[in-house]
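Residue-level structural notes
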Amino acid sequence: MLSEEKIKKMIRLSDYETGQGRIDLKRVRYLKMDYVRLQVLKTIVSVLLAFLLILGIITIYNIDYVLQNALALPLHAVAFYGGAGVVMVCIVSIIVTCRMASREYEESRARAGEYESTLRELMEIYEKEDQGEIHS
């Protein structure tokens, strides 16, 4: 039998599952540290790819100068300062990613907790109805 309370709970669950819940439920399948590590790994790969692409673009833009002065360029200094820059950007990116991923996970876990409690309440309503039908 349908009741207004059951319908409201089912609509709330359905809205969550098709909206924000799609992301939240995937996110909370992981442990918090695993989720944060995955996001950090994605960040490191992205930063290194971006660095390589930017380096390639700068090299192509200045290809004439690079080819004319290939033997005279201070490659050790360029590699040192370039590497130091990449490491600094990676460290800052990792710190920001850890904080953001941790906050996202906690928010998702809170919303998923509300979803689980609403689901439990709905199951209790169904169990009460089943017990009422058995005793009748």
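Our subject is the structure listed above.
To start, this report covers the structure provided alongside it.

Thoughts on the environment of Asp-130
- Positionally, Asp-130 belongs in helix 5 (residues 75-135).
- For Asp-130, a relative accessible area of 44% translates into the label partly exposed.
- Separated by 15 residues in the primary sequence, Asp-130 and Tyr-115 have C-alpha atoms spaced 23 Å apart.

A word on a negative patch on the surface
- On the surface, Glu-124, Glu-127, Asp-130 and Glu-133 cluster together into a negatively charged patch.
- Tracing the sequence through the fold places Glu-127 in helix 5.
- Judged by relative accessible area, Glu-127 falls into the partly exposed class, the value being 48%.

Topic: the side chain of Lys-9
- Mapped onto the secondary structure, Lys-9 falls in helix 1 (residues 4-18).
- On the basis of relative accessible area, Lys-9 is assigned to the buried category, the value being 9%.

Describing the packing of helix 1 against helix 2 (residues 20-27)
- At their nearest, the axes of helix 1 and helix 2 sit 3 Å apart, and the two run at 70° to each other. In terms of orientation, helix 1 lies roughly perpendicular with respect to helix 2. Seen from helix 1, the contacting residues are Tyr-16, Glu-17 and Thr-18; seen from helix 2, they are Gln-20, Gly-21, Arg-22, Asp-24 and Leu-25.
- Residue classes in the contact of helix 1 with helix 2 are distributed as 2 nonpolar, 3 polar and 3 charged.

Quick word on helix 2
- Every buried residue belonging to helix 2 is among Gly-21, Asp-24 and Arg-27, and all of these are buried. End-on, the buried residues of helix 2 take up no more than an arc of 130°, which puts them together on one face.

Here we look at helix 1
- Taking 1.5 Å as the rise per residue, helix 1 with 15 residues should run 21 Å; its terminal C-alpha atoms sit 21 Å apart, in good agreement.
- Those residues of helix 1 that fall on the buried side of the exposure criterion are Lys-6, Lys-9, Leu-13 and Tyr-16. Here the buried residues of helix 1 occupy an arc of 100° about the axis, which is enough to place them on one side. Looking at helix 1, the residues exposed on the side facing more than 90 degrees away from the buried face are Glu-4, Lys-8 and Thr-18.

Some words on the state of the cysteines
- Counted according to the given criterion, the structure contains 0 disulfides.
- Sulfur of Cys-90: no disulfide; nearest cysteine sulfur belongs to Cys-98 and is 12 Å away.
- On the basis of relative accessibility, which here comes to 13%, the residue Cys-90 falls in the buried class.

Conventions and cut-offs
Residues numbered from 1 in each chain as written. Predicted model: local features only at pLDDT ≥ 70, side-chain atom pairs only at ≥ 80, totals over all residues. Heavy atoms only, no water. Helix = DSSP H or I, 4+ residues; strand = E, 2+ residues; numbered from the N terminus. Buried < 20%, exposed > 50% of the residue type's maximum accessible area, 1.4 Å probe, protein only. Patch = residues over 30% accessible without salt bridge, like charges linked within 9 Å, V, L, I, M, F, W, Y side chains within 5 Å. Areas by Shrake-Rupley, 256 points an atom, 1.4 Å probe, with all protein chains shown as cover. Salt bridge = Lys/Arg side-chain N within 4 Å of Asp/Glu carboxyl O. Lys, Arg positive; Asp, Glu negative; His and termini not counted. Charge placed at Lys NZ, Arg CZ, Asp CG, Glu CD. Axes fitted to C-alpha atoms, helices over the stretch in contact; angles between N-to-C directions. Parallel < 35°, antiparallel > 145°, perpendicular 65-115°, else oblique. Contact = heavy atoms within 4.5 Å. Nonpolar A, V, L, I, M, F, W, Y, C, P; charged D, E, K, R; others polar. Arc of directions from axis to C-beta. Expected span 1.5 Å × (residues − 1). Disulfide = S-S within 2.5 Å.

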